[in-house]
Amino acid sequence: MVYRLLAPIFASSLMPVGLTVAALVLAPVEARAEVTSAECQIHAVLATKSGDGTIPADLGFLAEQLRDDQFAAFKGFRLLESKSLKLNIGEPGSATMKSGHQLKLSLLGAEASKLRLHATLASGEKVLVDTDYKIESSGILLIGGVRHPDGKIFFAIQCRGGS
């Protein structure tokens, strides 16, 4: 009698597991294109201690970051310049900025949804930053704190992966 009562309960408890396994096995595999190139935008931004705290329209894409605590000491922001780089795996790109800084980027590949990049920021012969990093496609990496007579310069790097 107990067996007759438990058998249907046991069978019904396995049914969701069986359906889940079947759904996983039968689900189509999502094809991911391998990332072989990236379009990058490099923005040089001047942060100053004077200003009214408003973020100009041309820096709207950085508004969330500029309102963060790390920028609380700054009241003014100005876009100094923007440059575009097209990167292919094995072919690094370089941008010389009006400030005299040189930014080199290399696309190393991708892992899951993240781009793997290498960035080098130099001022003349002095290397200020030399790092590998992973970031979501279209994510923004900020490199900052470079001295300027009117404040500090930081660089916003945004790359979008392609195939």
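Preceding this paragraph is the structure being described.
As the structure is a prediction and not an experimental result, all values here were calculated from the model.

Draft legend 1. Here's a closer look at the nonpolar core. Counting 25 residues, the largest nonpolar core has L87, L105, L117 and C159 as the members making the most contacts within it. Elements represented by at least two residues in this core include exactly strand 1 (37-48), strand 2 (76-88), strand 4 (101-111), strand 5 (114-123), strand 6 (126-136), strand 7 (140-148) and strand 8 (151-162). Sort the elements by how many residues they give to this core and strand 1 lands first, with 5 residues. When residues no more than four places from it in sequence are discounted, the contact partners of L117 are L87, S106, L107, L108, T131, D132, Y133, I135 and C159.

Draft legend 2. Structural context of the side chain of H101. With respect to the element layout, H101 can be found in strand 4. Side chain to side chain, H101 and S99 meet in a polar contact 2.6 Å long. Excluding its chain neighbours within four sequence positions, the residues that come into contact with H101 are A95, T96, L121, A122, S123, L128, V146 and F155.

Draft legend 3. View of the environment of A112. Among the structural elements, A112 can be located in the loop between strand 4 and strand 5. A C-alpha to C-alpha distance of 9.7 Å links A112 and E34, two positions 78 residues apart in sequence.

Draft legend 4. Seen up close, the packing of aromatic side chains. Evaluation of the coordinates by the stated rule reveals 3 aromatic pairs. Taking 6.4 Å as the distance between ring centres and 50° as the angle between the ring planes, the aromatic pair formed by F71 and F74 counts as tilted. Here F71 matches F74 in class, with each residue buried. Arranged with centres 6.3 Å apart and planes meeting at 75°, the rings of F71 and F77 form a pair that is edge-to-face. Each of the two residues, F71 as well as F77, counts as buried. Here the aromatic residues F71, F74, F77 and F154 are joined through ring pairs into a cluster of three or more.

Draft legend 5. Structural detail: the pairing of strand 6. As defined by bridge partners, strand 5 adjoins strand 6 across 10 bridges and the pair is classed as antiparallel. Bridge assignment links L115 to a residue of strand 6, and that residue is I135. Hairpin geometry of strand 5 and strand 6 is characterised by an intervening segment of 2 residues between the two adjacent antiparallel strands and by a positive phi of about 65° at G124.

What counts, and where the lines are drawn
- Residues numbered from 1 in each chain as written.
- Predicted model: local features only at pLDDT ≥ 70, side-chain atom pairs only at ≥ 80, totals over all residues.
- Heavy atoms only, no water.
- Core = buried A, V, L, I, M, F, W, Y, C linked by side-chain atoms within 4.5 Å.
- Buried < 20%, exposed > 50% of the residue type's maximum accessible area, 1.4 Å probe, protein only.
- Helix = DSSP H or I, 4+ residues; strand = E, 2+ residues; numbered from the N terminus.
- Contact = heavy atoms within 4.5 Å.
- Polar contact = N/O pair within 3.5 Å; in protein donor to acceptor, adjacent residues only side chain to side chain.
- Phe/Tyr/Trp six-rings, centres within 6.5 Å; stacked < 30°, edge-to-face > 60°.
- Pairing = 2+ DSSP bridges.

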